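# Coordinate inspection notes
Next come the chains, spelled out residue by residue.
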Amino acid sequence: MILDRFVHLLEKGFVMPVMNYVKQCLDKNNTDISLLRHFITETLHIISPPYSDDFVAALLPIVDNHEVTGAIKQNTQERTLINEFIEHCKAS
């Protein structure tokens, strides 16, 4: 429920405080991976380019983390969003 609130805060413009907190959760390994996976998929549904460098620096390590996104099956909308985000970031 809290991560859904974080997605709402992203929509309201509190992007970097939320992203920094979520990245800390991953770095400290104190949050269940399925919750981070849920946050990532919900976030990818609401964002669109152009992305700030700070945003990419916070989100890309989480999205690129196999432990977080590796369990998302191929040929799903979530996997497509993940691949598109990674491709866009690496092309920039």
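Our subject is the structure that appears above.
This section reports on the structure supplied with the text. (Residues numbered from 1 in each chain as written. Predicted model: local features only at pLDDT ≥ 70, side-chain atom pairs only at ≥ 80, totals over all residues. Heavy atoms only, no water.)

## Quick look at the packing of aromatic side chains
On inspection of all chains with the given rule, the structure shows 4 aromatic pairs. A centroid spacing of 5.1 Å and a plane angle of 65° characterise the contact between Y51 and F85, whose relative ring orientation is edge-to-face. Remark: F85 occurs in helix α6 (residues 77-91) and Y51 occurs in the loop between α3 (33-46) and α4 (53-63); sequence separation between them is 34 residues. Using a relative accessible area of 2% as the deciding quantity, one classes F85 as buried. Ring centres of F55 and F85 lie 6.5 Å apart, and the angle between their planes is 85°; on these two criteria the pair is classed as edge-to-face. One end of the pair, F55, is in helix α4; the other, F85, is in helix α6, and 30 residues separate them in sequence. Judged on exposure class, the residue F55 and its partner F85 are both buried. Put simply, the rings of Y51, F55 and F85 pair up and form one aromatic cluster. (Phe/Tyr/Trp six-rings, centres within 6.5 Å; stacked < 30°, edge-to-face > 60°. Helix = DSSP H or I, 4+ residues; strand = E, 2+ residues; numbered from the N terminus. Buried < 20%, exposed > 50% of the residue type's maximum accessible area, 1.4 Å probe, protein only.)

## Topic: helix α2 (residues 15-28)
Between the first and last C-alpha of α2 there are 20 Å, a value that for 14 residues agrees with the 20 Å anticipated at 1.5 Å per step. Residues of α2 that are buried include every one of V18, M19, V22, C25 and L26, and no others. The arc enclosing the buried residues of α2, seen along the axis, measures out at 115°, which places them on a common side. Away from the buried face of α2 by more than 90 degrees, exposed residues P17, D27 and K28 are located. Downstream of α2 by one or two residues, N29 has phi in the positive range, about 60°. (Expected span 1.5 Å × (residues − 1). Arc of directions from axis to C-beta.)

## Comments concerning the side chain of T31
Of note, T31 is situated in the loop between α2 and α3. Here the side chain of T31 touches N30 through a polar contact of 3.2 Å, side chain to side chain. Among all residues touching T31, those that are not within four sequence positions of it are C25 and L36. (Polar contact = N/O pair within 3.5 Å; in protein donor to acceptor, adjacent residues only side chain to side chain. Contact = heavy atoms within 4.5 Å.)

## A few points about the nonpolar core
Formed by 29 residues in total, the largest nonpolar core has its most connected members in M19, F39, I40, L59 and F85. Counting only elements with at least two residues in this core, the list comes to α1 (2-11), α2, α3, α4 and α6. Here the element with the most residues in this core is α4; it accounts for 7 residues. Non-local contacts of M19, meaning those with residues more than four positions away in its chain, are made with L10, F39, F55, A58, L59 and I62. (Core = buried A, V, L, I, M, F, W, Y, C linked by side-chain atoms within 4.5 Å.)

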